[in-house]
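So you can see what is in the structure, the chains are spelled out below.
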Amino acid sequence: HNDETPKKLNNLNKNLVVLYDKYVIPKGKIKDYRTQWSGITRDTLFGDDSNRDIPIVSFGECQKEVSQIFSSTFHGGKTVIVVGHALS
């Protein structure tokens, strides 16, 4: 994944219960926060975190955590459907 913009990832179950809600720092150096669309600024990720409600994880951590969420759901015999935009 070569994207150079941070993300905020949310996963919900079928009842709209939040399963995952974290900021994700990309693998490469951040070149554009795309604040006008994402609402994320440098301070969001690297500022004083004493008032931060949403955790921040690396891209690798996010992959592992989301994979665990999906595999545990799938393991229960249920189909997992991923809906989003710009999934690559």
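Our structure's up above, just so we're on the same page.
Residues numbered from 1 in each chain as written. Predicted model: local features only at pLDDT ≥ 70, side-chain atom pairs only at ≥ 80, totals over all residues. Heavy atoms only, no water.

Visitor: Hey, could you run me through the overall build of the chain in this one?
Guide: Helix and strand counts for the chain come out as 3 helices and 3 strands. Taken over 88 residues, the chain has a buried fraction of 22%. Carbon and sulfur atoms provide 52% of the accessible area of the chain, an area that totals close to 6800 Å². (Helix = DSSP H or I, 4+ residues; strand = E, 2+ residues; numbered from the N terminus. Buried < 20%, exposed > 50% of the residue type's maximum accessible area, 1.4 Å probe, protein only. Areas by Shrake-Rupley, 256 points an atom, 1.4 Å probe, with all protein chains shown as cover.)

Visitor: Explanation requested: the pattern of salt bridges in the structure shown.
Guide: In a structure, side chains of opposite charge can pair up when their charged atoms sit close to one another. Tallied over the full model, the rule gives 4 salt bridges. Across the pair Lys8 and Asp21 runs a salt bridge whose closest N-O atoms are separated by 2.7 Å. Residue Lys8 is located in strand β1 (residues 7-12), and its partner Asp21 is located in strand β2 (residues 18-25); the two are separated by 13 residues in the primary sequence. Taking the shortest distance from any N to any O, the salt bridge between Lys22 and Glu65 comes out at 3.0 Å. Of this pair, Lys22 sits in strand β2 while Glu65 sits in helix α3 (residues 59-75); the two residues are 43 residues apart in sequence, bridging distant segments of the chain. (Salt bridge = Lys/Arg side-chain N within 4 Å of Asp/Glu carboxyl O.)

Visitor: What is the right way to read the sheet that holds strand β3 (residues 56-58) from this model?
Guide: Sheet strands line up and pair through hydrogen bonds in the backbone, either parallel or antiparallel. With mixed pairing, 3 strands are arranged side by side in an open sheet as β1-β2-β3. Only two strands of the sheet have a single neighbouring strand rather than two, namely β1 and β3. Pairs of neighbouring strands in the sheet enclose a mean axial angle of 40 degrees, with direction left out of account. Where β2 and β3 come together, 3 bridges link them in parallel fashion. Each residue of the ladder has a partner; that of Val24, found in β3, is Val57. (Pairing = 2+ DSSP bridges. Axes fitted to C-alpha atoms, helices over the stretch in contact; angles between N-to-C directions.)

Visitor: Would you mind showing me how to read a nonpolar patch on the surface here?
Guide: A surface patch of nonpolar side chains, amounting to about 310 Å² of accessible area, comprises Leu12, Leu16 and Val18. Mapping Leu12 onto the fold places it in strand β1. On the basis of relative accessibility, which here comes to 47%, the residue Leu12 falls in the partly exposed class. (Patch = residues over 30% accessible without salt bridge, like charges linked within 9 Å, V, L, I, M, F, W, Y side chains within 5 Å.)

Visitor: Can you walk me through the environment of Glu65 in this structure?
Guide: A relative accessible area of 24% places Glu65 in the partly exposed class. When the C-alpha atoms of Glu65 and Tyr20 are compared, they prove to be 8.6 Å apart, with 45 residues separating the residues in sequence. When residues no more than four places from it in sequence are discounted, the contact partners of Glu65 are Tyr20, Lys22 and Val57. (Contact = heavy atoms within 4.5 Å.)

Visitor: Hey, could you run me through the pairing of β1 in this one?
Guide: Side-chain direction in a regular strand flips from residue to residue, so the side chains alternate between the two faces of the sheet. Relative to β2, β1 runs antiparallel, the two being bridged by 6 bridges. Across the sheet, the residue bridging to Leu12 is Val18, located in β2. Here β1 folds back onto β2, and the loop between the two strands holds 5 residues, one of which, Leu16, carries a positive phi near 65 degrees.

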